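Residue-level structure breakdown
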Amino acid sequence: MSLTGTPFFLTAVALLIVAVVLPLALWTRISGPAVVRGLARLLMLLFAQVTAITLVFVLVNNANNLYDTWGDLLGTNSHVAAAKDLGPDGMGGKQVEDEPKQIQQFRPADDPRMGQGVQMTDLQGRISGVTGEVYVWVPPQYNDPAYKDKKFPVVELLPGYPGSAKAWFGSLHVTEQLKPLMQRGQVKPFILVAPRTNIINGADTGCVNLPGKVNADSWLTVDVRKMITDNFRVGDTPDSWALAGYSAGAHCASKLVLAHPDRYRAAVAMSGYNNPALEPDSLAGKDPKLRVESNPLNILKSANAAGKPPRTALYVSGAAADGYQAGIGLRQIAKPPTSINVQLIPASAGGHTTAVWRQQIPEIFRWLGHQLKP
């Protein structure tokens, strides 16, 4: 039974109803010695507690798309076939343009809560050694005959940790918000791509390459990116690509756009952070070398010191002590052509929640529309 499906939700509701009715019906009818009666009543109370907690978990998980499958929840899934040392460029000595095309078969997304038009495929990353699902949504204009020769810009969507690749579609309702705006010409049409980021059991990858463990950076910035250019009408230059993330995904978006200005032109980071150690389960945060190297602040400092400030635009939003200061730190050291736009979110807006990030969708995509071109 699917962890996120309607049958499991209805089962949880039914079990809770049984757990409430059972003691009401049987409490005084239990016969036998006092020890037996006491044990039976204790078991009924425990059953009621467990079913109540289960239903709350299901509601929270469905609302926030934290775990996709039982394997994600229990830590039994494996999405890493190999984790070779791919070198500083994450390519392992290969060139993207030399790799054969990776044509994929797509099918409708397996969760109706993601809305209409979202399709998915199972991708085996040839460079990264990571395997996982990738969700894709194309704008209304993509299948319009008037746009048959047009290429479209792409935004990779990254969730928090724990988090599901479904989250932007299922919890933030990104397509429901953007489709009418795109149809009215108020937001530029983008192709939206949401790759799996939960690829190591019980750990946040921090979107880094860690030989022997995982090549999460190359999965997102090489394999997923190439697959999209091989299967859709999209531009293959940095001007056509951006990232957007919230929480741990915001950290990833900032890190990746500053580390790979040859692959991305812009990124949005909502309620993120610079220091990966702020996420206790971060692989990057636990590794002394990666903790420094994957901090967006240090990436930008190093690029500036080398006389090569990246030509990237970064939109950072967050409340005080929840992303805002991280953005201010980056803006203070940014040099042209790097640009950092920082927005303060009031504490009264709702905190570190999907409701806060959902409200920002129209604004951040209007901003992205000014940064990207096909």
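Residues numbered from 1 in each chain as written. Predicted model: local features only at pLDDT ≥ 70, side-chain atom pairs only at ≥ 80, totals over all residues. Heavy atoms only, no water.

Some points on the overall build of the protein
Going by this rule: To qualify as a helix, a DSSP run of H or I must reach at least 4 residues; to qualify as a strand, a run of E must reach at least 2; elements of each kind are numbered from the N terminus. We take the radius of gyration over the C-alpha atoms and set the globule estimate at 2.2 Å times the residue count to the 0.38 power. Here the term buried applies to any residue with accessible area under 20% of the maximum for its type, exposed to any over 50%, and partly exposed to those in between, with areas from a 1.4 Å probe on protein chains only. Should any heavy atoms of two residues lie within 4.5 Å, those residues are considered in contact. Areas reported here follow the Shrake-Rupley algorithm with a probe of radius 1.4 Å; residue values treat only the protein chains shown as occluding.
Secondary structure summary: the protein contains 13 helices and eleven strands in total. Its C-alpha atoms give the protein a radius of gyration of 23 Å, near enough to 21 Å, the size a compact globule of 374 residues would have. For the protein, the spread of C-alpha atoms along the three principal axes comes to 85 × 50 × 45 Å. Taken over 374 residues, the protein has a buried fraction of 52%. For the protein, restricting intrachain contacts to residue pairs at least 6 apart in sequence, the fraction spanning at least 24 positions comes to 72%. As displayed, the protein has an accessible area near 16700 Å², and 58% of this comes from carbon and sulfur atoms.

Some words on the pattern of salt bridges
We count it as follows: One speaks of a salt bridge when a side-chain nitrogen belonging to Lys or Arg is within 4 Å of a carboxyl oxygen belonging to Asp or Glu.
For the structure shown, the criterion picks out twelve salt bridges. The partner of Asp111 in a salt bridge is Arg113, and the shortest N-O contact between them spans 2.6 Å. Arg196 serves as the salt-bridge partner of Glu133, at 2.8 Å between the closest nitrogen and oxygen. Pair noted here: Glu133 is in strand β3 (residues 131–137) and Arg196 is in the loop between β5 (191–195) and β6 (209–210), with a separation of 63 residues, a long-range link. Salt bridges here are not isolated pairs; linked through shared partners, they connect Asp110, Asp111, Arg113 and Lys166.

Observations concerning the packing of aromatic side chains
This is how it is decided: When the centres of two rings from Phe, Tyr and Trp lie within 6.5 Å, Trp using its six-membered ring, the rings pair. Their planes under 30 degrees apart give stacked, over 60 give edge-to-face, and anything left gives tilted.
The tally for this structure, following the rule as stated, stands at nine aromatic pairs. Ring plane angle 20° and centroid distance 4.4 Å describe the contact between Tyr246 and Trp357, whose orientation is recorded as stacked. Of the two residues, Tyr246 sits in strand β8 (residues 241–246) while Trp357 sits in helix α12 (residues 354–359), which places them 111 residues apart along the sequence. Exposure remark for Tyr246: the relative accessible area of 4% places this residue in the buried category.

Regarding the state of the cysteines
Put plainly, a disulfide is one covalent bond tying together the sulfur atoms of two cysteines. Quick note on the threshold: Pairs of cysteine sulfur atoms within 2.5 Å are what we label disulfides.
Tallying each qualifying case throughout the model produces one disulfide. Between Cys207 and Cys252 runs a disulfide, and the two sulfur atoms are separated by 2.1 Å. Between Cys207 and Cys252 the disulfide shows an S-S torsion of about 95°. By sign, it is right-handed. Placement of the pair is Cys207 in the loop between β5 and β6 and Cys252 in helix α7 (residues 248–259), with a sequence separation of 45 residues. Neither Cys207 nor Cys252 differs from the other in exposure class; each is buried.

Here we look at the pairing of strand β4 (residues 154–158)
We count it as follows: Two strands qualify as a pair provided DSSP detects at least 2 bridges between them.
Counted residue by residue, β4 has five buried out of five residues, so it is predominantly covered. As paired strands, β4 and β5 are joined by three bridges and run parallel to one another. The residue bridging Val155 from the neighbouring strand is Leu192, located in β5. Here five bridges tie β4 to β8, and the two strands are oriented parallel to one another. Residue Val154 lies in a different strand from β8, and its bridge partner there is Trp241.

Brief notes about unusual backbone geometry
The residue after Tyr161, namely Pro162, is reached through a cis peptide bond having omega -10°. Its identity is not glycine, yet Cys207 carries a phi of approximately 55°, on the positive side. Among the residues examined, Cys207 registers a relative accessible area of 4% and is labelled buried. Phi is positive for Ser247, close to 55°, though the residue is something other than glycine. Checked against the element boundaries, Ser247 lands in the loop between β8 and α7.

A word on the side chain of Glu279
Applicable threshold: Under this rule, positive means Lys or Arg and negative means Asp or Glu; His and the chain ends count for nothing. Definition of a polar contact: a pair of N or O atoms within 3.5 Å, with one able to donate and the other able to accept a hydrogen when the atoms are protein atoms, and with sequence-neighbouring residues admitted only if both atoms are side-chain atoms.
You can see Glu279 is positioned in the loop between β9 (266–270) and α8 (283–286). Put simply, Glu279 is tucked away with no salt bridge, and the nearest opposite charge, on Lys286, sits 8.0 Å away. Within polar-contact distance, the side chain of Glu279 engages the backbone nitrogen of Asp281 at 3.0 Å. The contacts of Glu279, once residues within four sequence positions are left out, are Tyr161, Asp204 and Tyr273.

A look at a nonpolar patch on the surface
Where we set the bar: Exposure above 30% relative accessible area and no salt bridge define the residues that can form patches, which grow by joining like charges within 9 Å and nonpolar side chains of Val, Leu, Ile, Met, Phe, Trp and Tyr within 5 Å.
A contiguous nonpolar patch, built from Ile17, Val20, Val21 and Leu24 and spanning about 400 Å² of accessible area, is present on the exposed surface. By secondary structure assignment, the location of Val20 is in helix α1 (residues 6–26).

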